[in-house]
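Report on the structure
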Amino acid sequence: MSNLEAVAQRVLTPLILDEPGTIALEDQAAIATWVQKTALTAMLLSSKEQRENGYGLAPSEYRALYERRELVQPLDFSQFWVGRFEGVKGFSAVRVTPLTVRIPDFPEPPLPQGYAMTIVLGALLLHGVRFTTPGLQADTTTELGMPPLWPSETSVMWPAGQTCTEKSLLALADGGTLRATGGEVRLQPWSHAAHLPQSAFENGAIKVPALCRKHDIYYPAALLQEAHQGRFYAFMTSCECSAYLIHTDSDRIRFRAAGEPEGIAAMYADMVGDEFLIEDQIGEFACKRLPA
Ligand SMILES: [Zn+2]
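So, about the nonpolar core. Leu12, Ile23, Ile31, Trp34 and Leu126 are the most contacted members of the largest nonpolar core, which has 30 residues in total. Every element with two or more residues in this core is listed here: α1 (2-16), α2 (25-43), β2 (78-86), β4 (114-121), β5 (124-131) and β8 (156-158). With eight residues, the single largest contributor to this core is α2. Filtering out sequence-adjacent residues up to four positions away, Ile23 remains in contact with Val11, Leu12, Leu15, Gln28, Ile31, Val82, Leu149, Ser155 and Val156. Of all hydrophobic cores here, the second largest spans 19 residues; its members include Ala221, Phe235, Ile246 and Ile253.

What follows is the structure, given as structure tokens:
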């Protein structure tokens, strides 16, 4: 695998530094393999408990990658794109989101059928999707018009396509810009990873388990009433393990990010929307109205 690192370093370093360049066709398999390996390795950092709750990837993914370690080629039914990111200098992120393949009129499958991989290194954005359920792979494109890295038949001129910003990164990492071509399937984040199973009403507040599953978080019931009227909000909260950025949705909340309080506060501050203060038994609660 060290050869992969060498190719990645040689080819990607100028792009990370925002210097226009080319990814030659003969290097693309190695770069795509490096993206897959890096994303899967980053997922190992999630706790055993998170993985048991379905936030990680199946052990078979790691086995498959190991079995083809001599072959410089990403796993079957994978596609990768390369784009440009504009944000804080020196920013880097690795994110993997389990996805489901949704067919109109069919209920959501109980387990994810693939995952989106996103790596940001300076000005370089690498994005991929892998389908894990045979027969459910879809040919996909990204709305940003990023050139395909794998499979591909030409060298990639960089930069190309629309630039991704900090504001659009969360949606992109959730697979939000992936579009299945031909057919009616849609890709969506696996809701068990994004939504919460149960919530309870306590002292005028809604209590829901935090992502860690060890603690609870609270938010004013008024936000749920607002959601029923089609008005949605973002807010920050935290448990002993982590800070969270949360959006309300039609009948539940979605964890949009978890991490250090400073990072979550910066993401919240960057969000577009009017800020509201809600007073209730918990005290003052700040939230931002999301644009319709
Ligand atoms: Zn916690």
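In this structure, Cys212 (SG), His215 (ND1), Cys239 (SG) and Cys241 (SG) serve as the protein donors to the zinc ion, at separations of 2.1 to 2.3 Å. Viewed at the metal, the four donor atoms of the zinc ion are separated by angles of 102 to 116 degrees, and the geometry they form is tetrahedral. All donors to the zinc ion come from one chain, and their sequence spacing reads C-x2-H-x23-C-x1-C. Separated by 24 residues along the polypeptide, His215 in the loop between β13 (205-209) and β14 (216-220) and Cys239 in the loop between β15 (233-238) and β16 (243-248) bring together distant segments of the chain. The pair formed by His215 and Cys239 is uniform in burial state, with each residue classed as buried.

With respect to burial, strand β17 (residues 253-259) is a largely interior element, five of its seven residues being buried. Bridge count for β16 against β17 is six bridges, and the pairing is antiparallel. Looking across to β17, one finds that Thr248 is bridged to Ile253.

By the burial criterion, the buried members of helix α5 (residues 166-173) are Leu169, Leu170, Leu172 and Ala173. Looking straight down α5, one finds its buried side chains confined to an arc of 165 degrees; they lie on one side.

What follows deals with unusual backbone geometry. The phi angle of most residues is negative, glycine excepted, and most peptide bonds adopt the trans form. Following Trp150, the chain continues into Pro151 via a peptide bond in cis, with omega recorded as -15 degrees. Relative to the elements of secondary structure, Pro151 occurs in the loop between β7 (148-150) and β8. A positive phi angle is found at Asp18, which is not glycine, with a value near 70 degrees. Tracing the chain through its elements places Asp18 in the loop between α1 and β1 (21-23). A positive phi is found at Phe77, a non-glycine position, where the angle reads about 55 degrees. Along the chain, Phe77 turns up in the loop between α4 (59-67) and β2.

The subject of this paragraph is the pattern of salt bridges. The full count for this structure, using the stated rule, is 12 salt bridges. A salt bridge links Asp18 to Arg84; its shortest N-O distance comes to 2.9 Å. Taken together, the positions of Asp18 in the loop between α1 and β1 and Arg84 in strand β2 put the pair 66 residues apart, joining distant regions of the chain. What makes Asp18 partly exposed here is its relative accessible area of 34%. Residue class for Arg84 comes out buried when judged on its relative accessible area of 14%. We note a salt bridge from Arg130 to Glu61, for which the minimum N-O separation is 2.8 Å. On the criterion of sequence distance, the pair formed by Arg130 in strand β5 and Glu61 in helix α4 is long-range, its members being 69 residues apart.

A word on the environment of Pro98. Relative to the assigned elements, Pro98 resides in strand β3 (residues 92-102). Among the residues examined, Pro98 registers a relative accessible area of 7% and is labelled buried. As for Pro98 and Gly175, which are separated by 77 residues in sequence, their C-alpha atoms are 9.0 Å apart.

Strand order in the open sheet made by the five strands is β17-β16-β15-β19-β18, with antiparallel pairing throughout. The sheet is open, and its two borders are formed by β17 and β18 (275-280), each paired with just one other strand. The mean angle between the axes of side-by-side strands here comes to 30 degrees, regardless of whether they run parallel or antiparallel.

What follows deals with the side chain of Gln79. Its place among the elements puts Gln79 in strand β2. For Gln79, the side chain forms a polar contact with the side chain of Thr140, separated by 2.8 Å. Those residues within four positions of Gln79 in sequence are excluded, and the remaining contacts are His127, Gly128, Val129, Ala138, Asp139, Thr140, Trp150 and Pro151.

The rules behind the values
Residues numbered from 1 in each chain as written. Predicted model: local features only at pLDDT ≥ 70, side-chain atom pairs only at ≥ 80, totals over all residues. Heavy atoms only, no water. Core = buried A, V, L, I, M, F, W, Y, C linked by side-chain atoms within 4.5 Å. Buried < 20%, exposed > 50% of the residue type's maximum accessible area, 1.4 Å probe, protein only. Helix = DSSP H or I, 4+ residues; strand = E, 2+ residues; numbered from the N terminus. Contact = heavy atoms within 4.5 Å. Donors = N, O, S within 2.8 Å, 3.2 Å for Na, K, Ca; no water. Tetrahedral: all angles 85-135°; square planar, octahedral: opposite > 155°, others 65-115°. Pairing = 2+ DSSP bridges. Arc of directions from axis to C-beta. Salt bridge = Lys/Arg side-chain N within 4 Å of Asp/Glu carboxyl O. Axes fitted to C-alpha atoms, helices over the stretch in contact; angles between N-to-C directions. Polar contact = N/O pair within 3.5 Å; in protein donor to acceptor, adjacent residues only side chain to side chain.

Everything listed is a geometric property; what it means functionally is a separate question.
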